[in-house]
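Each chain, letter by letter, is given below.
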Amino acid sequence: MDHLLDLFMNYLAVERGLARNTLDAYGRDLARYLAWLQRHGVTHPDGISMSLLLGFLASLKDDGLAPRSRSRALVALRTFHKFLVSERLCTHNPTGQVAAPRSLAALPKTMAPHDVEALLASPKGETPLAVRDRAMLEILYATGLRVSELVGLKLSDLQLDVGYLTAFGKRSKQRIVPLGTLAIDELRGYLAVARPRLDKAGVSSFVFLNRSGEGLTRQGFWKIIKRRAREAGIYRNITPHTLRHSFATHLLENGADLRSVQAMLGHADIATTQIYTHVTRERLRQIHARHHPRG
């Protein structure tokens, strides 16, 4: 069935315009799936029953795959089988009644507000890189941007006079995201003084630059946030997505409505945003257990 996988991957790349990392993840999960089917003598998608599909998902757990990886694999399988049916390459979709087990839904890791404050204050001094890092961290927490959206920001995406920026998310979907006063102040300071010292040639259109005057990469920002977390005395694993998760969770905890948070995060489906309501409920449960006399 390798030719079916080739057709599907071409569809994802050309018609849906998925990012390279997403394509690679789908390809790995589905190659593993087809190899497993081959070992079980299946040569056509019409020969895949729901019980066979469940057997493959169970094998992933037996192989020690993390919950998030198993959940991603199930999404890949669902998308693949929907594609085969829609293209009339098979007659049924064995994933139609397969629900994701609760154990697959890993709650996002967030930071306590005081840890966020410590992280945002960690770049000390007025060197161009310290000013840049303060601005980046403030922007990330103020907007909930993905790291790819942050490093991809262009000067033309900023509308500081009216207090927002334009982000380009997955599949180049555009959304307007408001900025807070502190983030705007840090960004203005960076643009006025620090950025011109990094962009000596004055030719870059990117907002955030490295010491060579080029746009930052995602990997470069990952190294920055990990270093700044250590400087803040935070030794747990902190990633750019940790600040995105914290942005959403703290908004909901302080009374924001789910639809507004969905719009700011750029989620196509509100079900994706709803995981943050589980996070806030779990935190309330922990507070009750810790502080109630009969907890």
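Keep in mind that this is a model prediction, so the values were computed, not measured.

(A) A look at the overall build of the chain. Helix and strand counts for the chain come out as 13 helices and three strands. In terms of its C-alpha atoms, the chain occupies a principal-axis envelope of roughly 65 × 60 × 30 Å. By residue count, 43% of the 295 residues in the chain fall in the buried class. Sequence separation of 24 or more characterises 60% of the internal contacts of the chain that already satisfy a separation of 6 or more. Accessible surface computed for the chain: about 16,000 Å², of which carbon and sulfur atoms make up 52%. Taking the average location of the 42 positive side-chain charges in the chain and that of its 26 negative ones, the two points are 4 Å from each other.

(B) Structural detail: helix α8 (residues 181-198). End to end, α8 covers 24 Å across 18 residues, agreeing with the expected 26 Å (1.5 Å per residue, within 8%). At L191, α8 shows its largest bend, some 45°. Among all positions in α8, only A183, I184, L187, Y190, A194, R195 and L198 are buried. Here the buried face of α8 lies against α6 (128-143) and β1 (158-159).

(C) Main features of the side chain of R134. Position of R134 among the secondary structure elements: in helix α6. Among residues more than four places away in sequence, those in contact with R134 are L120, P123, K124, G125, E126 and E186.

(D) Highlighting the packing of aromatic side chains. Using the criterion set out here, one finds eight aromatic pairs in the structure. A ring pair is formed by F8 and Y26, whose centres lie 6.3 Å apart and whose planes are at 40°; its orientation type is tilted. Taken as a pair, F8 in helix α1 (residues 2-14) and Y26 in helix α2 (residues 20-39) lie far apart in primary sequence, 18 residues in all. Judged by its relative accessible area of 0%, F8 falls in the buried class.

(E) Representation of the nonpolar core. Grouped together as the largest cluster of nonpolar side chains are 39 residues, with contacts concentrated most on Y190 and F208. Those elements that provide at least two residues to this core are α5 (113-120), α6, α7 (147-151), β2 (164-168), α8 and α9 (218-231). Among residues more than four places away in sequence, those in contact with F208 are R132, A135, M136, I139, L150, L153, L187, Y190, E214, G215 and L216. With 30 residues, the next largest nonpolar core counts M1, L5, F8 and L77 among its residues.

(F) Highlighting unusual backbone geometry. In the Ramachandran plot, R88 falls in the positive-phi region, its phi being about 60° despite a non-glycine side chain. Tracing the sequence through the fold places R88 in the loop between α4 (67-86) and α5.

(G) Summary view of the sheet that holds β1. Spatially, β1-β2-β3 is the arrangement adopted by the three strands of the open sheet, whose pairing is antiparallel. Unpaired on one side and paired on the other, β1 and β3 (174-178) mark the two borders of the sheet. For β2 and β3, the ladder comprises five bridges, and the chain directions are antiparallel. When the sheet's bridge partners are listed, F168 is paired in β3 with Q174.

Criteria and thresholds
- Residues numbered from 1 in each chain as written.
- Predicted model: local features only at pLDDT ≥ 70, side-chain atom pairs only at ≥ 80, totals over all residues.
- Heavy atoms only, no water.
- Helix = DSSP H or I, 4+ residues; strand = E, 2+ residues; numbered from the N terminus.
- Buried < 20%, exposed > 50% of the residue type's maximum accessible area, 1.4 Å probe, protein only.
- Contact = heavy atoms within 4.5 Å.
- Areas by Shrake-Rupley, 256 points an atom, 1.4 Å probe, with all protein chains shown as cover.
- Lys, Arg positive; Asp, Glu negative; His and termini not counted.
- Charge placed at Lys NZ, Arg CZ, Asp CG, Glu CD.
- Expected span 1.5 Å × (residues − 1).
- Bend = angle between axes of the 7 residues up to and from the residue.
- Phe/Tyr/Trp six-rings, centres within 6.5 Å; stacked < 30°, edge-to-face > 60°.
- Core = buried A, V, L, I, M, F, W, Y, C linked by side-chain atoms within 4.5 Å.
- Pairing = 2+ DSSP bridges.

No statement about biological role is implied by the geometric values presented.
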